[in-house]
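Geometric and topological summary
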Amino acid sequence: QKEVEQDPGPLSVPEGAIVSLNCTYSNSAFQYFMWYRQYSRKGPELLMYTYSSGNKEDGRFTAQVDKSSKYISLFIRDSQPSDSATYLCAMRGGSYIPTFGRGTSLIVHP
Amino acid sequence: DAGITQSPRYKITETGRQVTLMCHQTWSHSYMFWYRQDLGHGLRLIYYSAAADITDKGEVPDGYVVSRSKTENFPLTLESATRSQTSVYFCASSPTGDTNEKLFFGSGTQLSVL
């Protein structure tokens, strides 16, 4: 079993939908949780960063961490076609090297 | 603001040939990383470097060699390319390696080994 599990999708939703992307993990030492967005033929870019448990909101994006369940989520409200991309979760414990999930491909169709 | 650049963007080579992928960053970041990205596996760490002349193995280092004689450059060499090394390769950098820092990625090199 991989340390970080993420469903690769693809996830296809209509424009305006609320999107929920999720990762589970097994390493209880993880404390720093990140979501990267990767457009086709580009490198990943950091979208959201959260430390420990709780929620963090940035515009239409909300990152949620539940350490007791070892489960993290990224919610996208009012999804747009420009949100179509691959979303990778990543997490760290004491090391500066993050562990990435496989990424979920999101398609938002007009 | 050039950031982090990878070259070449695309490369086709044959089995057994030596190939070098280049990575250059203009920020003087201490930490640099090489990842490969494959369907079904996501991003896997090949090698990383905490500073010039300091490198270490990641998850999948076999068949790869790195060097870092200058802070800004971190080339990745496939000594004798195999078909299983067909992949998209990403270089990344990070300023100080603090656990709350993000990685800055290049645009990738798509490598095909025939």
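One structure accompanies this document, and this report is about it. (Residues numbered from 1 in each chain as written. Chains lettered and ligands numbered in written order. Predicted model: local features only at pLDDT ≥ 70, side-chain atom pairs only at ≥ 80, totals over all residues. Heavy atoms only, no water.)

1. Side note on the sheet that holds strand 8 (residues 71-76) of chain A
The strands that make up a sheet are held in pairs by hydrogen bonds between backbone atoms, and each pair lies either parallel or antiparallel. All names here are of chain A. Just so we agree on the cut-off: Pairing between two strands requires that DSSP report at least two bridges joining them. Helix numbers and strand numbers start at the N terminus; a helix is a DSSP run of H or I with at least 4 residues, a strand a run of E with at least 2.
Taken in spatial order, the 5 strands make up an open sheet running 1-3-8-7-6, and their pairing is antiparallel. Whereas interior strands pair on both sides, the edge strands pair on one side only; in this sheet they are strand 1 (4-5) and strand 6 (54-58). The pairing of strand 3 (residues 19-25) with strand 8 spans 6 bridges and is classified as antiparallel. Bridged to asparagine 22 within strand 8 is serine 73.

2. Observations regarding the layout of surface pockets
Let me state the cut-off plainly: Lining residues are those with an atom within 4 Å of a point, where the points come from a 1 Å grid over the protein atoms alone and group into cavities, where a 1.4 Å probe fits but cannot get out, or pockets, open sets with protein on both sides within 12 Å along at least five of seven lines. Grid points are joined across faces, edges and corners, and a volume is the space filled by probe spheres set on the points. For this classification, the nonpolar set comprises Ala, Val, Leu, Ile, Met, Phe, Trp, Tyr, Cys and Pro, the charged set comprises Asp, Glu, Lys and Arg, and every other residue, Gly included, is treated as polar.
Here the largest pocket defines a volume of roughly 620 Å³. In this structure, the largest pocket is lined by 24 residues; those nearest its centre are Gln38 and Thr86 of chain A together with Gln37, Leu39 and Val88 of chain B. Elements with a minimum of two residues in the lining of the largest pocket: strand 4 (31-38), strand 9 (87-94) and strand 11 (109-113) of chain B. Partitioned by chemical class, the residues of the lining of the largest pocket number 6 nonpolar, 13 polar and 5 charged. Empty space within the second largest pocket amounts to approximately 240 Å³. For the lining of the second largest pocket, the elements supplying multiple residues, two or more each, are strand 10 (99-100) of chain A together with strand 5 (42-51) of chain B. With 3 residues, the single largest contributor to the lining of the second largest pocket is strand 5 of chain B.

3. A look at the nonpolar core
We apply this condition: Here the nonpolar core consists of buried residues drawn from Ala, Val, Leu, Ile, Met, Phe, Trp, Tyr and Cys, with membership extended through side-chain atoms lying within 4.5 Å. Exposure is judged per residue with a 1.4 Å probe applied to protein chains only, and the accessible area is read against the type maximum: over 50% gives exposed, under 20% gives buried, and values in between give partly exposed.
Residues Trp35, Ile72, Leu74, Tyr87 and Met91 of chain A are the most contacted members of the largest nonpolar core, which totals 24 residues. For this core, the secondary-structure elements that each account for two or more residues are strand 3, strand 4 (32-38), strand 5 (45-51), strand 7 (61-66), strand 8, strand 9 (85-92) and strand 11 (104-109) of chain A. One finds Met34, Tyr96 and Phe100 of chain A together with Leu45 of chain B within the second-largest nonpolar core, a separate group that totals 19 residues.

4. Observations regarding the side chain of arginine 36 of chain B
All names here are of chain B. This is how it is decided: Each polar contact in these results corresponds to two N or O atoms within 3.5 Å; when the atoms are within protein, one needs to be able to donate a hydrogen and the other to accept it, and residues that are neighboring in sequence are counted only if both atoms are side-chain atoms. Residue contacts are counted whenever heavy atoms from the two residues lie within 4.5 Å of one another.
You can see arginine 36 is positioned in strand 4. When its relative accessible area of 9% is taken as the criterion, arginine 36 is described as buried. One polar contact links arginine 36 to tyrosine 64, side chain to side chain, over a distance of 2.9 Å. From its side chain, arginine 36 meets the backbone oxygen of serine 84 in a polar contact 2.8 Å long. The contacts of arginine 36, once residues within four sequence positions are left out, are Gly42, Leu43, Arg44, Ile46, Val60, Tyr64, Ser84, Gln85, Thr86, Ser87, Val88 and Tyr89.

5. Considerations on the state of the cysteines
Residue and element names in this part refer to chain B. Basically, it comes down to this: Count a disulfide wherever a pair of cysteine sulfur atoms falls within 2.5 Å.
For the structure shown, the criterion picks out 2 disulfides over all chains. A sulfur-sulfur distance of 1.9 Å marks the disulfide that ties cysteine 23 to cysteine 91. The disulfide joining cysteine 23 to cysteine 91 has a torsion of about -75 degrees about its S-S bond and is therefore left-handed. Here cysteine 23, found in strand 3 (residues 19-25), pairs with cysteine 91, found in strand 9; they are 68 residues apart in sequence, far enough to count as distant. Like cysteine 23, the residue cysteine 91 is buried in the burial classification.

6. Thoughts on the environment of tyrosine 89 of chain B
Residue and element names in this part refer to chain B. Looking at the element boundaries, tyrosine 89 is found in strand 9. Given the relative accessible area of 0%, tyrosine 89 is considered buried. The sequence separation of tyrosine 89 and glycine 108 amounts to 19 residues, and the corresponding C-alpha distance is 5.4 Å. The contacts of tyrosine 89, once residues within four sequence positions are left out, are Gln6, Leu21, Trp34, Tyr35, Arg36, Ile46, Tyr64, Leu76, Leu78, Gly108, Thr109 and Leu111. Looking at tyrosine 89, its side chain comes within polar contact range of the side chain of tyrosine 64, at 2.7 Å. A distance of 2.6 Å separates a polar atom in the side chain of tyrosine 89 from the backbone oxygen of glutamine 85.

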